[in-house]
Amino acid sequence: QVRLVESGGGLVQREDSLRLSCVKSGGTPGIGWFRQAAGKDREFVAYISWSDGSPWYGDSAKGRFTIARDNAKNTVYLQMNRLKPEDTGVYFCAAHGGSGRVTLISSYDSWGQGTQVTVSS
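Below you will find a few notes about this structure. Quick caveat, the model's predicted, so the values are computed rather than measured. (Residues numbered from 1 in each chain as written. Predicted model: local features only at pLDDT ≥ 70, side-chain atom pairs only at ≥ 80, totals over all residues. Heavy atoms only, no water.)

Another point: the packing of aromatic side chains. The way to describe two aromatic rings as a pair is by their centre distance and the angle between their planes. Taken as a whole and judged by the stated rule, the model has 6 aromatic pairs. Among the aromatic residues, ring-to-ring pairing joins F34, F44, F92, Y108 and W111 into one connected group. Between R42 and the ring centre of F92, over which it is positioned, the NZ or CZ distance is 3.8 Å. (Phe/Tyr/Trp six-rings, centres within 6.5 Å; stacked < 30°, edge-to-face > 60°. Lys NZ or Arg CZ within 6 Å of the ring centre and 35° of its normal.)

Put into structure tokens, the structure is as follows:
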């Protein structure tokens, strides 16, 4: 089983930036980032293929967030720019299980503990 540890969350103001990190141990075809606001469903943010670095983005991330990986450090980053209050939530990284659409929670079989991101207005 893949083990994942997120870091980098915090309290920022509107239009600020944050970079989240997800360190993995174990193999996986790719890593996804999801977020969950209080009282809402978990939402797909972004995914990156571990083999070739191909990214996919959810609608909320397009144009503001960038996902990248560092193979040597077994780390995936989520660079978040121009943050908005609606970006507030707990951000989770997850290891894709090898089948299923990357936007679906059910396609992932290992999850990190999450890191809180709070954007004030």
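What follows continues from the structure just given.
Before going further, it helps to spend a moment on the sheet that holds strand β3 (residues 18-25). What links the strands of a sheet is backbone hydrogen bonding, and the strands pair in either a parallel or an antiparallel sense. On the basis of which strands lie adjacent, the open sheet formed by 4 strands has the order β1-β3-β8-β7 and antiparallel pairing. Bordering the open sheet on either side are β1 (3-7) and β7 (65-70), each of which pairs with just one other strand. Averaged over all pairs of adjacent strands, the angle between strand axes in this sheet comes to 15°, irrespective of strand direction. Pairing of β3 with strand β8 (residues 75-80) involves 6 bridges; the strand directions are antiparallel. Bridge assignment links S21 to a residue of β8, and that residue is Y77. (Pairing = 2+ DSSP bridges. Helix = DSSP H or I, 4+ residues; strand = E, 2+ residues; numbered from the N terminus. Axes fitted to C-alpha atoms, helices over the stretch in contact; angles between N-to-C directions.)

Bringing the pairing of β7 into the picture now. Where β7 lies against β8, 6 bridges are found, and the strand directions are antiparallel. Considered in β8, the bridge of R69 is made with V76.

In this section: the state of the cysteines. Enumeration according to the criterion identifies 1 disulfide in this entry. Covalently, C22 is tied to C93 through a disulfide, its sulfur atoms 2.1 Å apart. In this structure the cystine formed by C22 and C93 twists about its S-S bond by roughly 75°; its chirality is therefore right-handed. With C22 in strand β3 and C93 in strand β9 (residues 89-96), this pair connects stretches of sequence that are 71 residues apart. (Disulfide = S-S within 2.5 Å.)

This paragraph deals with the environment of M80. The topology assignment puts M80 in strand β8. Residue classification places M80 among the buried positions, given a relative accessible area of 0%. With 62 residues separating them along the chain, M80 and L18 place their C-alpha atoms 5.3 Å apart. (Buried < 20%, exposed > 50% of the residue type's maximum accessible area, 1.4 Å probe, protein only.)

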